Structures are given as C-alpha cells and as structure tokens.
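Survey of secondary and tertiary structure
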Amino acid sequence: MTAIQDRIRHKLTEALAPLALEIEDQSSRHAGHAGMKGLKPEETHFEVRVVSAAFQGQNRVARQRLIYKLLATELADGVHALALTALTPDEAGKSLS
C-alpha cells in the first residue's frame, strides 16, 4: 500500500464507515500517457469502490462530489485520476446477485 492510498483509506473510513472499501493504485498503467509526460507515475491514478449506508438517498453525482470533497487534499497534491464506484449496501447486494 502507498502513502496516498493509506490516506485515502483513512479519510473514507472515518467519514463514510464503509461496509466495503477497495482501493487500487493503477498509476503504473498510465506511465507514458500524454497527461503524464515528465511526471513519475507514482500514486497518481486510483480506482475506488466503496459501499456505505452514507450514500442512501444520494444520486451518483452527489456521492462522487462527497468523495471528491473528502479527498480534496489528495487531488490537489498529485492524484491525477480517481475512478469511483460508490454504492449503498442494497445496491452492492444487488450487484452480487
């Protein structure tokens, strides 16, 4: 696990009390892409899947905005891309069926 990945996990866990949280550092897959020219592909691209009751009653955009707000420091400090899946426990259960 990386330092930024640890920070992401800590912030989302504290704020959302998730039932499930998966964070994948995909930075190495983006080395050489146009937006990464001259930058090291370290801790820049993450995929996050979070299941939390805190998302109940919120649409997809509101959920993403909440996560972006929680991770504003990380996004300002070098996280270039954040792929999000944010589900309620009911939605997560349905996706497993």
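Now for a look at the structure at hand. As the structure is a computational prediction, the values presented were derived from the model and not from experiment. (Residues numbered from 1 in each chain as written. Predicted model: local features only at pLDDT ≥ 70, side-chain atom pairs only at ≥ 80, totals over all residues. Heavy atoms only, no water.)

What follows concerns the sheet that holds strand E1 (residues 20–25). Ordered by their spatial adjacency, three strands build an open sheet running E1-E2-E3, and the pairing between neighbours is mixed. Edge positions in the sheet fall to E1 and strand E3 (81–87), since each has one partner strand and no second. Each strand of the sheet is rotated relative to its neighbour by a mean of 10°, with strand direction disregarded. With seven bridges connecting them, strand E2 (residues 45–51) and E3 associate as parallel partners. (Pairing = 2+ DSSP bridges. Helix = DSSP H or I, 4+ residues; strand = E, 2+ residues; numbered from the N terminus. Axes fitted to C-alpha atoms, helices over the stretch in contact; angles between N-to-C directions.)

With that settled, consider helix H1 (residues 3–16). With 14 residues, H1 extends 20 Å between its outermost C-alpha atoms, agreeing within 8% with the 20 Å of an ideal straight helix rising 1.5 Å per residue. Every buried residue of H1 is listed here: Ile4, Gln5, Ile8, Leu12 and Leu16. Projected down its long axis, H1 shows its buried positions confined to an angular sector of 100°, all on one face. Every exposed residue of H1 that faces more than 90 degrees away from the buried side is listed here: Ala3 and Glu14. Close packing links the buried residues of H1 with E1, E2, helix H2 (60–70) and helix H3 (72–76). At the exit of H1 stands Ala17, carrying a positive phi of roughly 45°. (Expected span 1.5 Å × (residues − 1). Buried < 20%, exposed > 50% of the residue type's maximum accessible area, 1.4 Å probe, protein only. Arc of directions from axis to C-beta. Contact = heavy atoms within 4.5 Å.)

All right, on to the pattern of salt bridges then. Evaluation of the coordinates by the stated rule reveals four salt bridges. Put simply, Arg7 and Glu74 hold a salt bridge, and the shortest N to O gap is 3.0 Å. You can see Arg7 sitting in helix H1 and its partner Glu74 sitting in helix H3, a full 67 residues away along the chain. On the basis of relative accessible area, Arg7 is assigned to the partly exposed category, the value being 34%. Put simply, Lys11 and Glu74 hold a salt bridge, and the shortest N to O gap is 3.0 Å. Pair noted here: Lys11 is in helix H1 and Glu74 is in helix H3, with a separation of 63 residues, a long-range link. Judged by relative accessible area, Glu74 falls into the buried class, the value being 1%. Through salt bridges that share partners, Arg7, Lys11, Glu74 and Asp77 make up one connected network. (Salt bridge = Lys/Arg side-chain N within 4 Å of Asp/Glu carboxyl O.)

Keep in mind these numbers describe shape, not what the thing actually does.
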